[in-house]
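Examining the three-dimensional arrangement
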Amino acid sequence: MQNLDFIDYLNTKERDIITEEKEELINGLKNSNQKKINPKYFYDQKGSILFEKITKSDDYYTTKKEMEILDQKNKKIKKELPAGSSIIEFGAGSNKKIKKLLEILDSPSEYISIDISKDFLLENTKKLAKEFPNLKITAISADFNHKFEFQKIKSITKPKIGFFPGSTIGNFSKTEARKTLIKFRKNLESNNFLVIGVDLKKDKTILEKAYNDSEGITAKFNKNILKVINTKYGLNFRVNDFEHKAFYNVKKKRIEMHLSTKKNFSQVLNKRNIKFSKGETIHTENSHKYTKNNFSKLARNSGFEVVKILTDKKNFFGVFL
Ligand code: AVI
């Protein structure tokens, strides 16, 4: 496709990264206080498809609310953001939101999409390139944890708009969230914009239902993480030995997802025997919920100015400019 370029950062030093990552995985599973697996392993192709299904489930409100804001507050968004901009999406998920943003903005000049899931990224950008034949598109496959100075972004001379929808920022700890925002700022540089979606604090029942959907898609998504590490590292975790658990931790203001073991067993990892006792959990994900004030403070502490906060009627979700 003429209007689509591809830059691959994932294969650089791949072997070093795999050894490093395996070590991180083992340390997480050996942790005697709380076993854990990095949530980045959720998103193989199957995980990305399952996540798409979650976003369509009745109980998971975030995607629908964010789309509602982009739809209904489109004029306000257009008014604040510069014309002819380059749009950089950090971690492209589905095309729905970026399409909406591209339609709202005044003559966007190019779109750069960065994601760890190479197949998903290519599939999505190819579709988008067909739908927007006059838009210059670049797909960059990269892992934010390993690479974050993008010459391609820094060399842009047009106004830049970073896009980080879906409240993915909520999946980071407060420290990681700040570091990530600082990385965005360094790539975007001053006098440019970031459009970021943030899930807001709300009633515990609504939150817990969103992560325990009645169709059991979130449970499948959570368990899929075991299949991903099995394939990647030649392990043999049995998915049926685990149960999905998700609850709101009031003190830490976050939904926690865990996989709880149904029986005692051991798993050999790099010649090390790791014991699992019945009822013990592997912590797989946090999803922090913010108030408008808390997130504004975090943004300011990361060097941003908050220009506008747009919310849906129920104040479930916030799009911060
Ligand atoms: C991608 N991220 C913002 C989702 C969330 O809500 O934290 C991932 C997710 N996990 C379970 N359901 C959705």
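Keep in mind that what you see is a predicted model, and the values were worked out from it rather than measured.

With that settled, consider helix α8 (residues 174–188). The terminal C-alpha atoms of α8, which comprises 15 residues, lie 21 Å apart, in line with the 21 Å expected from a rise of 1.5 Å per residue. Turning to α8, its buried residues are Ala-177, Thr-180, Leu-181, Ile-182, Phe-184, Asn-187 and Leu-188. Lining the buried residues of α8 we find β3 (86–90), α7 (151–154), β6 (160–164), β7 (193–199) and α11 (292–301). Downstream of α8 by a residue or two, Glu-189 has a phi angle that is positive, lying close to 65 degrees.

Before going further, it helps to spend a moment on the nonpolar core. Among the nonpolar cores identified, the biggest contains 35 residues, and Leu-25, Leu-29, Ile-37, Tyr-41, Leu-226, Ile-229 and Phe-237 are the most heavily contacted of them. When residues of this core are assigned to their parent elements, the largest contribution, seven residues, is made by helix α10 (residues 217–233). Sequence-distant contacts of Ile-229, defined by excluding residues within four places in its chain, comprise Leu-25, Ile-37, Tyr-41, Gly-234, Leu-235 and Phe-237. Of all hydrophobic cores here, the second largest spans 29 residues; its members include Met-67, Ala-92, Val-195 and Leu-310.

Taken as a whole and judged by the stated rule, the model has 20 aromatic pairs. For the ring pair Phe-51 and Tyr-60, a centre distance of 6.4 Å and an interplane angle of 80 degrees mean the geometry is edge-to-face. Here Phe-51 falls in the partly exposed class, since its relative accessible area comes to 26%. A relative accessible area of 7% places Tyr-60 in the buried class. Between Phe-237 and Phe-276, the aromatic rings sit 5.7 Å apart at their centres with planes inclined by 90 degrees, giving edge-to-face as the arrangement. Remark: Phe-276 occurs in strand β11 (residues 272–276) and Phe-237 occurs in the loop between α10 and β8 (242–249); sequence separation between them is 39 residues. We classify Phe-276 as buried; its relative accessible area is 3%. Seen from the ring of Phe-316, Lys-202 lies directly overhead, with NZ or CZ sitting 5.3 Å from the centre.

Turning our eyes to something else, we now look at the packing of helix α5 (residues 95–104) against helix α6 (residues 118–131). Packing of α5 against α6 brings their axes to within 11 Å, and their N-to-C directions diverge by 30 degrees. With respect to α6, the element α5 is oriented roughly parallel. Taken as a pair, α5 and α6 cross one another with a handedness that is right-handed. The residues of α6 that touch α5, namely those facing Asn-95, Ile-98, Lys-99 and Leu-102, are Asn-124, Lys-127, Leu-128 and Glu-131. Of the residues in the contact of α5 with α6, the class split is three nonpolar, two polar and three charged.

Our focus in this paragraph is the sheet that holds strand β9 (residues 254–261). An order of β2-β12-β9-β8 is seen for the four strands of this open sheet, with the pairing classed as mixed. A single partner strand is all that each edge strand has here, and the edge strands are β2 (35–36) and β8. Bridging between β9 and strand β12 (residues 281–288) involves seven bridges; their strand directions are antiparallel. The partner of Met-257 across the bridge, within β12, is Glu-285.

About the cut-offs
- Residues numbered from 1 in each chain as written.
- Predicted model: local features only at pLDDT ≥ 70, side-chain atom pairs only at ≥ 80, totals over all residues.
- Heavy atoms only, no water.
- Helix = DSSP H or I, 4+ residues; strand = E, 2+ residues; numbered from the N terminus.
- Expected span 1.5 Å × (residues − 1).
- Buried < 20%, exposed > 50% of the residue type's maximum accessible area, 1.4 Å probe, protein only.
- Contact = heavy atoms within 4.5 Å.
- Core = buried A, V, L, I, M, F, W, Y, C linked by side-chain atoms within 4.5 Å.
- Phe/Tyr/Trp six-rings, centres within 6.5 Å; stacked < 30°, edge-to-face > 60°.
- Lys NZ or Arg CZ within 6 Å of the ring centre and 35° of its normal.
- Axes fitted to C-alpha atoms, helices over the stretch in contact; angles between N-to-C directions.
- Parallel < 35°, antiparallel > 145°, perpendicular 65-115°, else oblique.
- Left-handed = near helix turned anticlockwise from the far one by under 90°.
- Nonpolar A, V, L, I, M, F, W, Y, C, P; charged D, E, K, R; others polar.
- Pairing = 2+ DSSP bridges.

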